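Tertiary structure, described
One letter stands for each residue in the lines below.
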Amino acid sequence: MVSCEFWQKLYNFYERALSWLDGNKIRNGEKMRKIKFLLVTMFTALFFTACGNKYSVENLKKNDKLLKETAVKCKEKNDEKICKNVDKAQSELAQENWKKVKPEIKAKFDKFTKDIMAGNYATVINEIPEKYLKYVAEKNSTSVEELKKMMTEILKIVQTELKIENVVYDVDAAKIGRTSAGRNYAIISSVTTVAVDNQKVDRKQDSLVFEDENKWYIMNLDENTLKYAKKVYPDFEEIKVK
């Protein structure tokens, strides 16, 4: 029986040949378009028949390297059957991981909230990945330590202008996912009640909780933060925000 790898190489060669012909304007006309359609359909069917088990949901979940490689390919060119399996495998892995880490994340948010309200800014800043702080520091021609000092001072000034009275977040309603790089993440919504000039104001906000080198971090999901974060974590481009 011809192997999956053989069909994959043959299909890749066929795609390159079509691209070359297109680029050199050799193929034209309705007849050639029909031939192309029939060939694509045939090769896709043969490829998936030979490689179906390799790209099954269960096999993709077991083979992290194959899943990542195929997820990247699906961003460039969508093969309906295989990419549906990739999406399903990613979703199931994200769900399974979330069940394991959810208690840890809830405890982290509880502590994070208490630290914000108590003014423990150093602890709050430590929830931000060091590599992200390093990137922001370099972009602003300063050191990580100086950046942390500036952030602490800004938080102190903000705290004098307003008082955080309550923070409510909903971990149970988190939107969870997994990027093509294999990074698990969750988007958690919260409502912060602050007192300003004897008035109470509710501020809605989303936080991004994500995994990096087996550690979970919390980051505000605002436009400026995400802009820098995408430079450090390119796979964040895949995270859909409101």
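Just so we're clear, the structure is a prediction, and the values are computed from it rather than from any experiment. (Residues numbered from 1 in each chain as written. Predicted model: local features only at pLDDT ≥ 70, side-chain atom pairs only at ≥ 80, totals over all residues. Heavy atoms only, no water.)

1. Looking at the state of the cysteines
This is how it is decided: By definition, disulfides here are pairs of cysteine sulfur atoms that lie within 2.5 Å.
Evaluation of the coordinates by the stated rule reveals one disulfide. Across the disulfide, Cys-74 is cross-linked to Cys-83 (sulfur-sulfur distance 2.0 Å). Of note, the bridge from Cys-74 to Cys-83 carries an S-S torsion of about -100° and is left-handed in sense.

2. A few points about the packing of helix H4 (residues 64-76) against helix H5 (residues 80-118)
What counts, and what does not: Axes here mean lines fitted to C-alpha atoms, for a helix over just the part in contact, with angles spanning 0 to 180 degrees between N-to-C directions. Secondary structure elements follow DSSP: runs of H or I of four or more residues count as helices, runs of E of two or more count as strands, with numbering from the N terminus. Put simply, angles under 35 degrees are roughly parallel, angles over 145 are roughly antiparallel, angles from 65 to 115 are roughly perpendicular, and the rest are oblique. Less than a right angle of anticlockwise turn of the near helix away from the far helix marks a crossing as left-handed, whereas a clockwise turn marks it as right-handed. Any two residues whose heavy atoms approach within 4.5 Å are treated as being in contact.
Axis separation between H4 and H5 bottoms out at 10 Å; the angle between their running directions is 125°. Here H4 lies oblique to H5, going by the angle between them. Two packed elements cross with a definite hand, and for H4 against H5 that hand is left-handed. Between H4 and H5, the contacting residues are Leu-67, Thr-70, Ala-71 and Cys-74 on the first element and Ile-82, Cys-83, Val-86, Ala-89, Gln-90 and Leu-93 on the second.

3. Side note on the environment of Tyr-135
Tracing the backbone shows Tyr-135 in helix H7 (residues 130-139). Put simply, Tyr-135 and Ala-229 are 94 residues apart on the chain and 8.9 Å apart in space, counted from C-alpha to C-alpha. Setting aside chain neighbours within four positions, we find Tyr-135 in contact with Tyr-228, Lys-231 and Val-232.

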